[in-house]
Amino acid sequence: MAQTFVQSTDDVVAFLKDQHNLIKDMFDDVLYASETKAREKAFTELRQLLAVHETAEEMVVHPRVRREVDSGDLIVDARLREEHVAKEYLSALEAMDIGSQEFLDELVLFRASVLDHAEREETEEFNKLQRELDPADLKRMAAGVLAAQAIAPTRPHPGVESAKLNFAVGPFASMLDRARDAIAAAMR
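Residues numbered from 1 in each chain as written. Predicted model: local features only at pLDDT ≥ 70, side-chain atom pairs only at ≥ 80, totals over all residues. Heavy atoms only, no water.

Caption draft 1: Region of the structure containing the pattern of salt bridges. Counted according to the given criterion, the structure contains 13 salt bridges. A salt bridge links R66 to D73; its shortest N-O distance comes to 3.0 Å. Overall, R66 belongs to the partly exposed group, its relative accessible area being 32%. The salt bridge involving R140 is made with D137; its shortest N-O contact spans 2.5 Å. In this pair, R140 and D137 are both assigned in helix α5 (residues 135–151), 3 residues apart and thus about one turn of the helix distant. Overall, D137 belongs to the buried group, its relative accessible area being 16%. (Salt bridge = Lys/Arg side-chain N within 4 Å of Asp/Glu carboxyl O. Buried < 20%, exposed > 50% of the residue type's maximum accessible area, 1.4 Å probe, protein only. Helix = DSSP H or I, 4+ residues; strand = E, 2+ residues; numbered from the N terminus.)

Laid out in structure tokens, this is it:
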């Protein structure tokens, strides 16, 4: 499993922004890997972090934005549509030959969409939450995100973009994903 720890765990906004920066760096690790094995390892770690990161946002952040931010439903619905498309894209990337130019070309496009999505989250959700909530709430949310990431699926599951679905389907999907990851790692 990719390391999801970042420096700030006292504020959910700082934590998730740090993860966005880590994700950006991890895309570079995949794109500039010197050999296919290294690219595969870097992509697996990126895929795992993207999956747990989005799941935690869907379980903890988006519901709070719906309640606390003006036009929260519209903002979250737009982010959830982007997350659904990203999960489908990530699933398609998983099925590609990681050593191919096609994979790299598609990864460049995927990277751009993920970074655009992250920027919209930061401006439309995170910054507004930071203004609306007190530091104690932001710290509690960070703890919630960490807990959600600890049990989240490590692969994309298009169609599971709500807190309710993540709570209902997530534990089973997580167990299967983590078993697949362990078997794949053992077979390398």
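Additional details are given in the paragraphs that follow.
Caption draft 2: Representation of the side chain of E125. On the secondary structure map, E125 appears in helix α4 (residues 101–132). We note that E125 is buried and unpaired, the nearest opposite charge coming from R79 at a distance of 5.4 Å. (Lys, Arg positive; Asp, Glu negative; His and termini not counted.)

Caption draft 3: Up close: the nonpolar core. Core analysis: the largest hydrophobic core is formed by 21 residues, its most contacted members being V12, L16, V61, V65, L129, M141 and V145. Counting only elements with at least two residues in this core, the list comes to α1 (12–31), α2 (36–68), α3 (72–95), α4 and α5. Not counting chain neighbours up to four residues away, the residues in contact with V61 comprise V12, L16, A56, E125, F126, L129, M141 and V145. One finds L49, L90, I98 and V114 within the second-largest nonpolar core, a separate group that totals 20 residues. (Core = buried A, V, L, I, M, F, W, Y, C linked by side-chain atoms within 4.5 Å. Contact = heavy atoms within 4.5 Å.)

Caption draft 4: Layout of the side chain of Q19. Relative to the helices and strands, Q19 resides in helix α1. There is a polar contact of 2.6 Å between the side chain of Q19 and the side chain of H53. (Polar contact = N/O pair within 3.5 Å; in protein donor to acceptor, adjacent residues only side chain to side chain.)

Caption draft 5: Just α5, in detail. Relative to the 24 Å expected for 17 residues at 1.5 Å per residue, α5 spans 25 Å between its end C-alpha atoms, a close match to the ideal helical length. For α5, every residue scored as buried is listed here: D137, L138, M141, A142, V145, A148 and Q149. On an axial view of α5, the arc spanned by its buried residues comes to 145°, and they lie on one face. Exposed residues pointing more than 90 degrees away from the buried face of α5 are listed as R140, A150 and I151. With a side-chain oxygen positioned 3.1 Å from the backbone nitrogen of A136, the residue opening α5 is D134. (Expected span 1.5 Å × (residues − 1). Arc of directions from axis to C-beta.)

Caption draft 6: Looking closely at α2. Between its first and last C-alpha atoms α2 spans 45 Å; for 33 residues at 1.5 Å apiece the expected length is 48 Å, and the two agree. At E58, α2 is deflected by roughly 40°, the largest bend along its length. Where burial is concerned, most of α2 is hidden: 24 out of the 33 residues are buried. (Bend = angle between axes of the 7 residues up to and from the residue.)

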